[in-house]
Structure formats: structure tokens, C-alpha cells
Amino acid sequence: MSATTDTQSVGNEDYRDAGLQFPESFVFGSATASYQIEGAANEDGRGPSIWDTFSHTPGRVVNGDTGDVADDHYHRLEQDLDLMKSLNLQAYRFSIAWPRIQPTGRGPANQAGLDFYSKLIDGLIARGITPVATLYHWDLPQALEDEGGWTNRETALAFEEYARIVGEAFGDRIAVWTTLNEPWCSAYLGYASGAHAPGRTEPLASLKAVHHLNLAHGLALQALRAVVSNDPQFSVTLNLHALRGEGPTGPEAVRRIDALANRAFTGPMLHGAYPADLLEDTKTLTDWSFVHEGDLENIHQKIDILGVNYYSTTLVRVWSGEGERESADGHKAVGASPWPCADDIEFLPQPGPYTEMGWNIEPSGLEELLLAVHAEFPDQPLMVTENGVAFDDVVTTDAGGAADGAPAVHDDDRIDYLRRHLTAAHRVLEAGVDLRGYFVWSLMDNFEWGYGYSKRFGIVRVDYDTLERLPKDSAHWYAELAATNRIPA
Ligand code: FCB
């Protein structure tokens, strides 16, 4: 968001408060995504997704890792539900794999796919855990990509049909529906830089994808609203970039990247229009004629909650044209840029400390971002739908484990990260923002997209040889938080 450059001073304050109390209605949960944890890629009628194709293409994912087995969550559902219960989770944010429901992205529902999610939802409810479902966390059926994927308007129409199917199947039990997770990544990493599936490097395609994802969101929301029978909340999750500007060209660079990263989504979804400056900035690439009459009305739907994912900040300025252009935007470097029409913008390295992803740890960025979103959309309730950290965890059998000699992960660094970001969230609440909840990414270590299994984000460790789950110290800490709504000491 753009209202960030003048609030940098909060970055100097200490965010390590303990004992802060959140309101009782504030929800603490954890998040995962289908392809990252389920495995069982070829079972029970699931069709291939773009991530199956991508991960099986040599050179795309670190170590050649794939989601074929992942955490084997598909076969360990009951155990994982018990794990969530043991961690006192109040809510669980999961995603539904479109190719389990419609193996080719179209046509009748695959009953086995519906049955799996039905069991998951019932298992959550039986344990007192609120189900928060995302329709699309990046696993597009490959058959739809073969027809153009998100560059093809028909994909948005297919998504509407898929939304209707899952809305009819689970629309009596889901508490919060989220249409899309981080359409920024789907569009720009999928179609411009190629760091994510389907791995295309066509700047124009990425802007078409932006629009068709926005359209998919609006159509799916209407389809869900028409068929659900309980009284759920509707949402979308965006990875809004917390932008900071460097030097005299900082504000202009922030404006440009804010348009591509943030307002390309919040504009049509929440204001009913694409920002004029975005259209102007990208006019050498497209006249946006893929936006048809009526599309903006379809996209501009009331949402009950705006989900925000936050990990770190982004520092930009306009490139002087001299020397090497910096491109440290935090996204996997693969040669092509994820930023169409922004070759003259520099993404500068930022001060540490850093996570295992190389991302800077900056809790004040979460505060700035939520305050900026609130300033632009004062009536919009918000939720932190992802926040968390990858570190190089070590398993020890020192005293201090559950029992002497029992394995443990003393991830004090992750606890510190969570504490600081929860403190930032609490400050946002105190500033009067209607923030409804916080979901830690992630429940357990999993397939971290282009990085495969090399980055561990879980509060629960997964041993990829035995698939055993081991709650890290952060999981015990988070369990106390979720039981009391108070940041533990
Ligand atoms: C987000 C994704 C999530 C996970 C985290 C680390 O961009 O939504 O699936 O990979 O980053």
C-alpha cells in the first residue's frame, strides 16, 4: 500500500511484548494449502494441476521436489485433525484442490474429492475448530491451462461453476469462504516471471491473468452467495505489498509498484475500477480491452473480510540507469521479472535480520500495511490470513523436550518472530481497526512451491522420511496463545 513512506518511524520500536490480551472474539488459527500438504496426487480421481506439471519439469523446483507425497495429509487426516485440536486451534484455513473436485476443471463433480473435504470439514466441526475454506490456492487443473489458463476468460467462467459445486456441497458448514489466495502470485509469478506454475514468461499474459482472476473472484462470490444455506462470511486473501520508498524517487516507485501489486486487485474488487495510473503505466503493453462490459460490476462485490498475508517489506526506488539494477523483491529470482512495465524500478536489499527465505523481519510493516488498508477502506473488516517464518530448524534430544531424551525443536527464533508480529497486530487493534483474526503460516512444514521442501514454515515439524509430525516449541507456545488469547511470556 502506498500510505507507508511517512510512517517508517514505527520500525524503530520494540515489538516483543508479552502478556498482551486479544479480545475473546479474535480468532487464532493456522493455515495450509492443498498442494503443499495433501500428497495423494494421483488418487481417487484427482486430475493433474499446473503444479504437478511444473514440479515434474526438471529445473523448476529446488531438488526436483514435487507434491506427489507432500505431508501425506490426505491419508493422515484424522491424525492431523487431532493435532490441530491438541494445539487448541480455534480455526483452520485450508484450500480445496480444484482438480480433486473437477479433474479437468469442468463437468460433474468427482464424489471422492467431495468426500475428502466433507470428512475434513466434519472433523473440524466435531473438534470445535472453525472451517475457513479457500477455493483456489494455485492448483489450477492442467486441462484449463492447456486452453490458456488464467489468460483465457473461460477459466473465470469455469471457476464460477466450480464455486457453485463446492458451495452446494459444503455451503451448510463453512464459516468463512475465501475465493482466491494471493492472485498476485498466480498472475505475475505464474505468467510473467515464471517462478511459479505454469512457468510462463509473458508480461501481457500476466495482466490478462490479473483481470481474469479478479473476474473469477467476483463470479465465484456471487455463485457461493446464491447457493450456501448457512450464514458464512465471504472473503479474498491478498498478499498486499508493504512498500517503502528510498530517496527522492521513492514515492514515484512506490506509486508504480503499489498499482501493480496492490491496487490492481483492491481497485476493481473494492472500488469497482482499475486505477487510472495502472492503465496509464501499462499502456505500451495493453489497452486492457480484455476487460469487458459488465466485468467491473461482477468483480465489485461486497466482502465481509479482506484477508491479508504478510511476511516482510519491499523497498523501491526508480533506477538511475547506471550500474546493476537491484531486483531484490523477495520473490524467487528466475531470470524474468514479475513486474510488467516496471523495468526501471529497483527493488533494494533491506536491513536484516533475515529469515531462511532471505526476507527481512519487519513487524512494523504489518502494522503499517493494516493501517494503510484501513485508511483506504475504513469499513472493511480485516484478517491476517498468513504470517509466519521459515528457519533452519534443528531437532535435538536435549533435556527440555517433552521428556528427557525425546526429540524437540527449540525454535525460539520463530517464537520471537510470531511474538513481534502479534504485537504489531495488537497495536493495529488498539488503533481501532476491525481486525478479526490471525492465522499462522503454517500448521506444518510443507512443499514451499519453487523451494520444494527446503524451507520449513511449520509450527509442527514434518520428518520427510517417516512423515512423522513433531510439534516445535513454537507450536506449544501458539497453543497457549490460542487457549488464552493472550501473548504468552
Ligand atoms: C505465501 C503462500 C503460501 C506460502 C507462504 C510462505 O505466498 O500463500 O502458500 O507459500 O507464502
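Residues numbered from 1 in each chain as written. Predicted model: local features only at pLDDT ≥ 70, side-chain atom pairs only at ≥ 80, totals over all residues. Heavy atoms only, no water.

Engineer: Explanation requested: the site of the ligand in the structure shown.
Structural biologist: Around the ligand, a shell composed of Gln-36, His-137, Trp-138, Asn-181, Glu-182, Tyr-311, Glu-386, Trp-441, Glu-448, Trp-449 and Phe-457 is seen. The contact in question runs from an oxygen atom of the ligand to an N or O atom on the side chain of His-137, over 2.8 Å. Taking Glu-386, its side chain carries an N or O atom lying 3.0 Å from an oxygen atom of the ligand. Surface burial for the ligand is 94%, taken as the share of its 300 Å² of free accessible area covered by protein chains. Classifying every residue of the shell around the ligand gives five nonpolar, three polar and three charged. (Near = heavy atom within 4 Å. Polar contact = N/O pair within 3.5 Å; in protein donor to acceptor, adjacent residues only side chain to side chain. Areas by Shrake-Rupley, 256 points an atom, 1.4 Å probe, with all protein chains shown as cover. Nonpolar A, V, L, I, M, F, W, Y, C, P; charged D, E, K, R; others polar.)

Engineer: Explain the environment of His-217 to me, please; I cannot follow it from the model alone.
Structural biologist: Following the sequence through the fold, His-217 ends up in helix H9 (residues 203-227). Overall, the relative accessible area of 0% leaves His-217 in the buried class. Taking the C-alpha atoms as reference, His-217 lies 9.6 Å from Tyr-136; in sequence the two are 81 residues apart. Apart from the residues within four sequence positions on either side, His-217 is in contact with Thr-179, Leu-180, Val-236, Met-269, Ile-299 and Ile-303. (Helix = DSSP H or I, 4+ residues; strand = E, 2+ residues; numbered from the N terminus. Buried < 20%, exposed > 50% of the residue type's maximum accessible area, 1.4 Å probe, protein only. Contact = heavy atoms within 4.5 Å.)

Engineer: What should I look at first to understand helix H7 (residues 153-170) in this one?
Structural biologist: Two residues of an α-helix separated by three or four positions point the same way, owing to the 3.6 residues in each turn. Look at H7: 26 Å from first C-alpha to last across 18 residues, which is about the 26 Å you get at 1.5 Å a residue. When we look at burial in H7, the residues that qualify are Thr-155, Ala-156, Ala-158, Phe-159, Tyr-162, Ala-163, Ile-165, Val-166, Gly-167 and Phe-170. Looking at where H7 begins, the residue whose side-chain oxygen comes 2.9 Å from the main-chain nitrogen of Glu-154 is Asn-152. (Expected span 1.5 Å × (residues − 1).)

Engineer: Help me out: how do you make sense of the environment of Thr-104 in this one?
Structural biologist: Here Thr-104 shows up in the loop between helix H4 (98-101) and helix H5 (111-126). Take Thr-104: its relative accessible area is 44%, and that puts it in the partly exposed class. Sequence separation between Thr-104 and Met-269 is 165 residues; the distance between their C-alpha atoms is 28 Å. If sequence neighbours within four positions are ignored, Thr-104 has contacts with Pro-141, Ala-143 and Leu-144.

Engineer: How should the packing of helix H8 (residues 183-193) against H9 be read in this particular structure?
Structural biologist: For any two helices packed against each other, the geometry comes down to the angle between their axes and how far apart the axes lie. Two elements in contact, H8 and H9, have axes separated by 8 Å at closest approach and are oriented at 155°. Here H8 lies roughly antiparallel to H9, going by the angle between them. In terms of crossing hand, the pair formed by H8 and H9 is right-handed. Residues Pro-183, Ser-186, Ala-187, Tyr-188, Tyr-191 and Ala-192 of H8 touch H9, and the partners they reach there are Pro-203, Ala-205, Ser-206, Leu-207, Ala-209, Val-210 and Leu-213. Class assignment for the residues of the contact of H8 with H9 results in 11 nonpolar, two polar and no charged. (Axes fitted to C-alpha atoms, helices over the stretch in contact; angles between N-to-C directions. Parallel < 35°, antiparallel > 145°, perpendicular 65-115°, else oblique. Left-handed = near helix turned anticlockwise from the far one by under 90°.)

Engineer: Could you clarify how one ought to interpret the pairing of strand S8 (residues 313-318) in this entry?
Structural biologist: The side chains of a regular strand alternate, residue by residue, between the two faces of the sheet. The sheet contact formed by strand S6 (residues 242-245) and S8 spans four bridges and is parallel. The partner of Leu-243 across the bridge, within S8, is Thr-314. Pairing geometry for S8 and strand S9 (residues 345-347), over three bridges, is antiparallel. Residue pairing in the sheet places Val-318 in a bridge with Ile-345 of S9. (Pairing = 2+ DSSP bridges.)

Scope: geometric values only; no functional claims are made or implied.
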